[in-house]
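Chain by chain, the residues:
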Amino acid sequence: MKPSEQASYLDAQDVARDELVGYLERDQLEVEMDKRLPPARLSRRSRLGLWALRVFVIAVGAMVIYTFVAGLH
Amino acid sequence: MPESEWPDLSHEDLDRAADRSRVFWARRDGKRWRLLWLLVGPGVLAMIGENDGPSMISYATSGVTYGYGFFLPFIVLTFGAAIICQEMCMRVGAVTHRGYGELVIQRYGTIWGWFNAGDLVLTNLVTLVAEFVALRVGLAYFHLPAWVAVAFGLALVAFSQAGHRYWRWERIALGLAAFNGLFLVAAILAGPSWGSTGKAFVTLSPFPGGSFNTMLLLVASTIGATVTPWMIFFQQSATVDKGMTPRDLRQGRTDTIFGAVLAALFGCGALVVGAVLASHHAGGVQGLAGAGFPGALRNVTGALAATLLALGLIEAGALALLTISASTGYAVGEALGVHHSFNYSLRRALAFYVCNIGAALIAGAVILIPGVPLLSIALNANVLATVLLPVALVFLLMLANDHRLMGKWINTRKTNAAAIVVVVVVALSGAAYGIDSFLLTTHLIGP
């Protein structure tokens, strides 16, 4: 490719790139999506509620797994 | 965006922008059907993907055990619940451009995020085993051995990812999803009692009798067959991977509702097949597990309906292999904070692709072990998913109500009320089955 052709090819690529990026919202770009969000502030009641939920799920999940394993025998 | 403000653009950004350009032009030119065609995908795949092997076996088992009746309208009801949950995922994904696991880790901490991802990987592995079971049962009808099911499943997962484009992966999966309709065709060909079917929808009866524990198992597994943790991870991450934005919410809702309607219809088809078998006294659940549902149906209605049912089971297993493997890859990628998109090359998103195919590989290896209780795995996979679901739903509700993230797209009061009802029902049904089964197994109560 001649230097002049190469330059116009690169220009065309820049135009295409310029046009393409316009179709995205800024926070859809990879560099934006890689940024971390700040943590949410939870009330004490919310935190307790979440822990209660975890205990419930672990307890019931263990029962289901125990029942399933016992059923294998 | 002015050129001076451009950040560095990755190859993935350009791929996604190319996809979005088609959406832009379809919207600008007022081509509504083309716009819908471009934006349909995550919702349909989540809903029909959940009409997977264990779900269809679970529906058919309900049909065999209880015939026409309560479980037919119950399936429709559970897909109504699925719409509420999946619409929230789609909305959160389109507004925040981040996956569910990523948001939970960043907003609510690593422990909660890893717990959710751990839940998901565990239930996904068990469910993937059940998907291979469905493939194996379907292919066994055509006298093909178990290793063919494993090889076919793994080849499909690898093939769908080969293009390194979300769009390509999605269209392959949607093509497969169309064949879920075979369950409905098989049900029609099986010659169901239309009177009993209609009566079940109108009167919600006959209500199931028999063992309380069996009924609880089927209620929990039916809920687990329609609303699951992997669907939450999958639809939100797929919405992000597809590049949907708040402008696409209307089409996203249509996609979700359309998927739910199709999935409910096809799921009812599977139940009706079971009911037809029951009306011909074709055998108990365990007996059918040995022979396979298609084999039992052939003895009752002939080869055509049975062949379609076998093909349907193959499709159900195959599609879910794609979607559930994908949700595993998304979840692990989000938990580790590494790249996780079908638009990335293998080198840039190695963990995503390795988890995607690795999960399928482990599950495939399990079904090659002789004497594995396949039907029990299929049913218990759904129950386990139901037990672990409340955690995922509670965090989804919190995300959808997070003002900082969602702005004006936050949940309405009606959506919150409906979602809370779903969480409570799911938690109670999972707990009821878990506790009742445990007490029976440990002989603390009698049968």
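Residues numbered from 1 in each chain as written. Chains lettered and ligands numbered in written order. Predicted model: local features only at pLDDT ≥ 70, side-chain atom pairs only at ≥ 80, totals over all residues.

Trainee: Help me understand helix 10 (residues 182-189) of chain B, please; the structure alone is not making it clear to me.
Mentor: In an α-helix there are 3.6 residues to a turn, and that puts residues three or four apart on one side. Residues and elements named next belong to chain B. All of the buried residues along helix 10 are Leu182, Phe183, Leu184, Ala186 and Ala187. In this fold, the buried residues of helix 10 make contact with helix 4 (53-66), helix 14 (249-279) and helix 17 (303-336). Where helix 10 ends, the next residue or the one after it, Gly191, has phi of about 75 degrees, a positive value. (Buried ≥ 20, exposed ≤ 12 C-beta atoms within 10 Å, placed from the backbone. Helix = DSSP H or I, 4+ residues; strand = E, 2+ residues; numbered from the N terminus. Contact = placed C-beta atoms within 7 Å.)

Trainee: How do you make sense of the domain arrangement of chain B when you look at a structure like this?
Mentor: The parts lose accessible area when they come together, and the size of an interface is often stated as this lost area. Residue and element names in this part refer to chain B. Each assigned domain of chain B is listed with its residue range as follows: domain 1 (1-37) and domain 2 (40-441). At the junction of the two partners, domain 1 supplies 8 residues and domain 2 supplies 9 residues. Among the elements of the structure, helix 1 (11-28) and helix 2 (32-39) are those that each provide at least two residues to the side of domain 1 that touches domain 2. It is helix 1 that contributes the most residues to the side of domain 1 that touches domain 2, 5 residues altogether. Split by residue class, the side of domain 1 that touches domain 2 holds 3 nonpolar, no polar and 5 charged. (Domains from an automatic or database assignment. Nonpolar A, V, L, I, M, F, W, Y, C, P; charged D, E, K, R; others polar.)

Trainee: How should I be thinking about the nonpolar core in this particular structure?
Mentor: Proteins that are soluble and globular tend to have nonpolar side chains buried together. All names here are of chain B. Ranked by internal contacts, the top residues of the largest apolar core, which has 159 residues, are Cys85, Leu271, Val273, Leu309 and Leu396. A total of 20 residues in this core trace back to one element, the largest contributor, which is helix 17. With residues near it in sequence (within four places) discarded, Cys85 still touches Val227, Ile232, Leu393, Leu396, Ala419 and Val422. (Core = buried A, V, L, I, M, F, W, Y, C linked by C-beta atoms within 7 Å.)

Trainee: I'm lost on unusual backbone geometry in this one. Help?
Mentor: Apart from glycine, the bulk of residues carry a negative phi angle, and the bulk of peptide bonds sit in the trans form. All names here are of chain B. The backbone of His97 sits at a positive phi, close to 60 degrees, despite the residue not being glycine. With respect to the helices and strands, His97 occurs in the loop between helix 5 (71-96) and helix 6 (100-108). Despite not being glycine, His164 shows a phi value in the positive range, around 55 degrees. Topologically, His164 is positioned in the loop between helix 8 (146-161) and helix 9 (166-177). The exposure class of His164 is partly exposed, given the 19 C-beta atoms found within 10 Å.

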